[in-house]
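# Commentary on secondary and tertiary structure
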Amino acid sequence: MSAMAECEVAMANPGVQAALPELNLMLARHGFEAEPLCWREGRVRGRHEDWRFRSVFQPVYRLQDGEPRLWSVEALARVSDSFGGQLIPTVLFAAETTPRRTVYVDRQLRCLHLLNFLLQSPPPGLVLSLNVNAQHLVNVSESHGQFFAEALQLLGVEPRHVCLEIVEDAVSDPVRLHGAVQRYRDLGFLISLDDFGQGASNLERVWLLEPDYVKLDKVLMRRALMRPALRDKLTELVAILKLHGAKVVGEGIESEMQLDIARAAGCDFVQGFHLARPADCLNWPVSQASG
């Protein structure tokens, strides 16, 4: 059976399909679309005004002796307009000018990814990683994590199998950001700091949020590849992050040499096109799941 055929068989998940109307009701309380999530071609798709959403997933691998082993999949949004034109997700959030709309889109995308992840019958213990913009976290007035915790309970998913990747962004209220992250942690979610090494990222954010994981931005791996003298500094950075209790993910692994650099620097996990590209459907062997 082909990978696509196996994926189509896995898509027959009546529990997920039965939960879709309830999730639509939860999202509709924001006052936008009545049914923002729908079935189409064996997947769940999303919509918000002129935008259309779908999910793709990219594996994250644990570095161990021998071959890397599957640990997590990161859900990524693919966004298009009503004419089929493609949009970068960060531009989508930049276009949302009110906190209420930003919160709505963020929640819709998380529900979309969760449903499409579960439809593929993931192996036990596999972690689903979801991007969350830091600005979204400070926009929620109260009860951080309550909405998504209810969605997970509806679908029978434990928060410890979900990693929230806080996308690096400048925020005006770091204390509020810390409170939001702590609330998610108290509910049992894993916390990751994404894109470390670019934008607003710095060690102060690591000290503030105390993430379980830090994902090194791909620019660091690219520079280490092009400038061998920087590889010792990369190793030192990984060591500092580990001293703060975080495990380190090397992103942007696009060659065997970069994989070797990440391993030599002490990265715990790796992700990138050299290992696997984002895809609508993942054909994962159960034996590869690694907690």
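What counts, and at which threshold
Residues numbered from 1 in each chain as written. Predicted model: local features only at pLDDT ≥ 70, side-chain atom pairs only at ≥ 80, totals over all residues. Heavy atoms only, no water. Helix = DSSP H or I, 4+ residues; strand = E, 2+ residues; numbered from the N terminus. Expected span 1.5 Å × (residues − 1). Buried < 20%, exposed > 50% of the residue type's maximum accessible area, 1.4 Å probe, protein only. Arc of directions from axis to C-beta. Contact = heavy atoms within 4.5 Å. Axes fitted to C-alpha atoms, helices over the stretch in contact; angles between N-to-C directions. Parallel < 35°, antiparallel > 145°, perpendicular 65-115°, else oblique. Nonpolar A, V, L, I, M, F, W, Y, C, P; charged D, E, K, R; others polar. Pairing = 2+ DSSP bridges. Right-handed = clockwise from strand over helix to strand, strands pointing away.

Bringing helix α7 (residues 174–186) into the picture now. The end-to-end C-alpha separation of α7 is 18 Å, in line with the 18 Å expected for 13 residues at 1.5 Å each. Those residues of α7 that fall on the buried side of the exposure criterion are Leu-177, Ala-180, Val-181 and Tyr-184. Projection of α7 onto a plane perpendicular to its axis shows the buried side chains occupying an angular sector of 95 degrees, all on one side. Opposite the buried face of α7, by more than 90 degrees, sit the exposed residues Val-175 and Asp-186. Looking at the buried positions of α7, the neighbouring elements they touch are α4 (99–119), α5 (134–139), β7 (162–167), β8 (190–196) and α8 (203–209). Immediately downstream of α7, the backbone of Gly-188 shows phi near 110 degrees, a positive value.

Where helix α9 (residues 218–226) contacts helix α11 (residues 256–265), the two axes come as close as 10 Å, and the packing angle between them is 105 degrees. In terms of axis orientation, α9 runs roughly perpendicular to α11. Contacts from Met-221, Arg-222, Ala-224 and Leu-225 of α9 reach α11 at Met-257, Gln-258, Ile-261 and Ala-262. Along the lines of polarity and charge, the residues of the contact of α9 with α11 split into six nonpolar, one polar and one charged.

As a further point, take helix α6 (residues 146–155). Those residues of α6 that fall on the buried side of the exposure criterion are Phe-147, Phe-148, Ala-151, Leu-152 and Leu-155. Seen from one end, α6 has its buried residues packed into an arc of 135 degrees, which puts them on one side. One or two residues past the end of α6 sits Gly-156, with phi positive at roughly 70 degrees.

Looking now at the pairing of strand β9 (residues 213–216). Alternating residues of β9 divide into Tyr-213 and Lys-215 and Val-214 and Leu-216, and every residue in both groups is buried. In this sheet, β9 lies alongside β8 in parallel orientation, the contact comprising three bridges. In the sheet register, Phe-196 faces β9, and the bridge partner there is Leu-216. Relative to strand β10 (residues 247–250), β9 runs parallel, the two being bridged by four bridges. By the bridge assignment for β10, Tyr-213 is matched with Lys-247.

Attention now goes to the environment of Val-157. The topology assignment puts Val-157 in the loop between α6 and β7. In this structure Val-157 comes out as buried when scored by relative accessible area, which is 16%. When the C-alpha positions of Val-157 and Leu-118 are compared, they lie 9.2 Å apart, and in sequence the two are 39 residues distant. Beyond its immediate stretch of four places on either side in the chain, Val-157 contacts Leu-114, Leu-118, Leu-152 and Val-162.

Time to look at the pairing of β10. Taken together, the two bridges between β10 and strand β11 (residues 269–270) define a ladder with parallel strand orientation. Bridging from a neighbouring strand, Gly-250 pairs with Val-270 of β11. As for the winding sense of the linkage, the β-α-β connection from β10 through α11 to β11 is right-handed.

With that settled, the discussion passes to the packing of helix α10 (residues 231–243) against α11. Here α10 crosses α11 at 50 degrees, and the two axes come no closer than 8 Å. Relative to α11, α10 is oriented oblique. Facing α10, whose interface residues are Arg-231, Leu-234, Thr-235 and Val-238, α11 presents Met-257, Ile-261, Ala-264 and Ala-265.

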